[in-house]
Amino acid sequence: MVFKMPQSYLSIEQAKEAGREGTVVDLRGWVYRTRGSNKLVFLVLRDSTGIIQCVGSKDDLGEEVFKRSKELFIESSVTLSGTVHKDERAPGGFELHLNRIEAVKAAEPFPITKDQSEEFLREKRHLWLRSRKMNAILKVRSTVTGAIHEFFRGRGYYEFTPPIFTPNACEGGSTLFEVKYYDDVIYLTQSWQLYAEAAIFSLERIYDVSPTFRAEKSKTSRHLSEFWMAEMEAAWMGYREAAKVAMDEVRFITERVLERNRADLELLEADPSRLERALSKEWPMITYTEALGLLRDRGGLEVEWGKDLRTIEEEKLMEHFDTPVVIIQYPKEVMAFYKPVEPDAEAPGPVARCFDMLAPEGYGEIVGGSERDTDMDSIKKALEKQGEKVENYDWYLDLRRYGSVPHSGYGLGVERLISWLCKLDNIKDAIPFPRTMTRTFP
Ligand code: 4AD
Ligand code: MG
């Protein structure tokens, strides 16, 4: 057939709007499910907005069309028309009584059938994107990234775009991806931070949402090799204020998702009331040293002061909270080279002016941030200690030579946040085409 593109098609969502009942509508989409009897064909139609059950009889469709429509495999693309009926028994509460159905392109038998493993679904991710689950997650993802732009622009931040190829490590050499670069070797970015620190001297308050790469050797449900980080950097700002901005940002995003994606959350069985509950409360800010105290007194877990918190400790700690929690002042020793010492802290050893935000329900760290050291000598010392060549960072040290000011910033893991909002079992489902140590396909 020749496909014509009339303007009068409605979306499935529009077909279910009040006042359409009893009217004839034209829809287009893909066959989501079919079954039939001798006299009736039942077909569930899918488009980007949802699904609707359609029923056609041999009498209404005519012998020929009836026969062909019963032979359509799922995921065939079709256009159809019918009358909208309210029907409590139909999924979504509506049913379309068909008077026309045409295949745009009949599909081959679809490889994804019921009860397949998560790994198989990832192998077929190019097709699995059409599932109701992925459709809902991708919609939430779109709200999340849109809300990040809205949040920062609403506060007068400029969007600033960093390079992706970089000559320097920001978060330690062990997770750098090397790329052959002409006759040389370069790295994929681990964070925009060093470039953002250069840009604040021009724009003062900036943000971005961009791809980030880490050669994570751990195969966990929280780590991707390619993920998106939403970062901010601000001149004249301390780490406590930056932590406050991070809480406001995560609250703002969560509100937007509740406004726009309630049905998606419900489809994902990610009860929206857990997010509403989190929004209704204050989010605690505690120190690392206090966190160790909580782990010891309430969790019976002894962690040696000075060790970074691992996944199991974060999980144990978050059993006591149902909101995100900010932890400040981690031990300076285990922190990246750019985090300065906090002299006004009560702690058994030197701590940094830094913070993490942990999500409840076992989702762990979603934000990492800090003030940035402005003291040349201490930066040089920290770099040397981490085995970096100080001369490679000389351009970065220029930022301390020419009018340095106190400044802070943080990075929000977009997929980590989506995992919590959507209550996902695995971070791989928070991104359309996951890249991990063991997956680069499709
Ligand atoms: O805590 P991180 O390593 O902080 C930085 O990179 C800072 N330079 C950011 C800044 O201050 N501008 O990473 C920030 C966040 C983490 O809290 C986590 O949510 C996420 O990025 N993240 C990952 N998400 C998925 N997969 C991974 N492998 C991740 N590594 C970090
Ligand atoms: Mg971190």
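The preceding data block contains the structure.
Quick notes on the rules
Residues numbered from 1 in each chain as written. Chains lettered and ligands numbered in written order. Predicted model: local features only at pLDDT ≥ 70, side-chain atom pairs only at ≥ 80, totals over all residues. Heavy atoms only, no water. Near = heavy atom within 4 Å. Polar contact = N/O pair within 3.5 Å; in protein donor to acceptor, adjacent residues only side chain to side chain. Areas by Shrake-Rupley, 256 points an atom, 1.4 Å probe, with all protein chains shown as cover. Helix = DSSP H or I, 4+ residues; strand = E, 2+ residues; numbered from the N terminus. Nonpolar A, V, L, I, M, F, W, Y, C, P; charged D, E, K, R; others polar. Buried < 20%, exposed > 50% of the residue type's maximum accessible area, 1.4 Å probe, protein only. Arc of directions from axis to C-beta. Contact = heavy atoms within 4.5 Å. Pairing = 2+ DSSP bridges. Axes fitted to C-alpha atoms, helices over the stretch in contact; angles between N-to-C directions. Salt bridge = Lys/Arg side-chain N within 4 Å of Asp/Glu carboxyl O. Patch = residues over 30% accessible without salt bridge, like charges linked within 9 Å, V, L, I, M, F, W, Y side chains within 5 Å. Phe/Tyr/Trp six-rings, centres within 6.5 Å; stacked < 30°, edge-to-face > 60°.

(A) Region of interest: the site of ligand 1. Residues in contact with ligand 1 amount to 23 residues; listed here are only the nearest, Glu171, Gln193, Arg214, Glu231 and Glu365. In this structure, Glu171 approaches ligand 1 through a side-chain N or O atom, which is 2.6 Å from a nitrogen atom. One of the backbone N or O atoms of Ile366 is found 2.9 Å from an oxygen atom in ligand 1. Considered on its own, ligand 1 offers 630 Å² of accessible surface; in the complex 94% of this is hidden by protein. Secondary-structure elements contributing two or more residues to the shell around ligand 1 are β11 (226–235), β15 (364–371) and β16 (407–413). Considering only residue class, the shell around ligand 1 consists of 8 nonpolar, 7 polar and 8 charged.

(B) Highlighting helix α13 (residues 376–385). Considered for burial, the residues of α13 that qualify are Ile379, Ala382 and Leu383. Angularly, the buried residues of α13 cover 100° about the axis, an arc narrow enough to put them on a single face. Residues of α13 that are exposed and angled more than 90 degrees away from the buried face: Asp377, Lys381, Glu384 and Lys385. Its buried side turned inward, α13 meets α14 (394–401). Positioned one or two residues after α13, Gly387 has a phi angle of 80°, which is positive.

(C) How the structure looks around the side chain of Ser81. Tracing the sequence through the fold places Ser81 in strand β4 (residues 77–86). With a relative accessible area of 6%, Ser81 lands in the buried category. At a separation of 2.7 Å, a polar atom in the side chain of Ser81 contacts the side chain of Arg100. Discounting chain neighbours no more than four positions away, the residues touching Ser81 are Val24, Val25, Asp26, His97, Leu98, Asn99 and Arg100.

(D) Looking closely at the sheet that holds strand β6 (residues 158–159). Strands sit in the order β6-β10-β11-β16-β15-β14-β13-β12 across an open sheet of 8 strands; the sheet is mixed. At either margin of the open sheet sits one strand with a lone partner, and together these are β6 and β12 (285–287). Note that β15 and β16 share 5 bridges and pair antiparallel. Its bridge partner lying in β16, Gly368 is registered against Gly411. Packed on one face of the sheet, helix α8 (residues 239–260) meets β10 (205–213), β11, β12, β13 (325–328), β14 (354–359), β15 and β16 and runs near 30° to β16.

(E) The environment of Leu224, seen in detail. The residue Leu224 is located in the loop between β10 and β11 in this model. Looking at Leu224, the relative accessible area reads 3%, which means it is buried. Leu224 sits 11 residues away from Phe213 along the chain, and the two C-alpha atoms are 8.2 Å apart. When near neighbours in sequence (up to four residues on either side) are disregarded, Leu224 contacts Arg214, Glu216, Glu415, Ile427, Lys428, Ile431, Pro434, Arg435 and Thr436.

(F) Molecular detail of the sheet that holds strand β9 (residues 184–188). Here we have 3 strands laid out as an open sheet, ordered β7-β9-β8, and antiparallel in their pairing. Since the sheet does not close on itself, it has two edges, and those belong to β7 (165–166) and β8 (178–181), each with one partner. Relative to β9, β7 runs antiparallel, the two sharing 2 bridges. By the bridge assignment, Phe165 is partnered in β9 with Leu188.

(G) Looking closely at the pattern of salt bridges. Taken as a whole and assessed by the stated rule, the structure comprises 38 salt bridges. A salt bridge links Glu233 to Arg372; the nearest nitrogen and oxygen atoms lie 2.8 Å apart. Here the residue Glu233 occupies a position in strand β11, and Arg372 occupies one in the loop between β15 and α13, the gap between them amounting to 139 residues. Residue class for Glu233 comes out buried when judged on its relative accessible area of 0%.

(H) How the structure looks around a nonpolar patch on the surface. Taken together, the side chains of Phe165, Tyr181 and Tyr182 make up a nonpolar region of the molecular surface, amounting to roughly 350 Å² of accessible area. Inspection of the secondary structure assignment puts Tyr182 in the loop between β8 and β9.

(I) Local environment of the packing of aromatic side chains. A full pass over the atoms with the stated rule returns 15 aromatic pairs. The interplanar angle of 80° and the centroid separation of 5.4 Å between the aromatic rings of Phe337 and Tyr338 together place this pair among those described as edge-to-face. Both residues of the pair, Phe337 and Tyr338, count as buried. Note on Phe337 and Tyr396: the rings are 6.0 Å apart at their centroids and 85° apart in plane angle, and the pair reads as edge-to-face. Of this pair, Phe337 sits in the loop between β13 and β14 while Tyr396 sits in helix α14, placing them 59 residues apart in sequence. Looking at Phe337, the relative accessible area reads 1%, which means it is buried.

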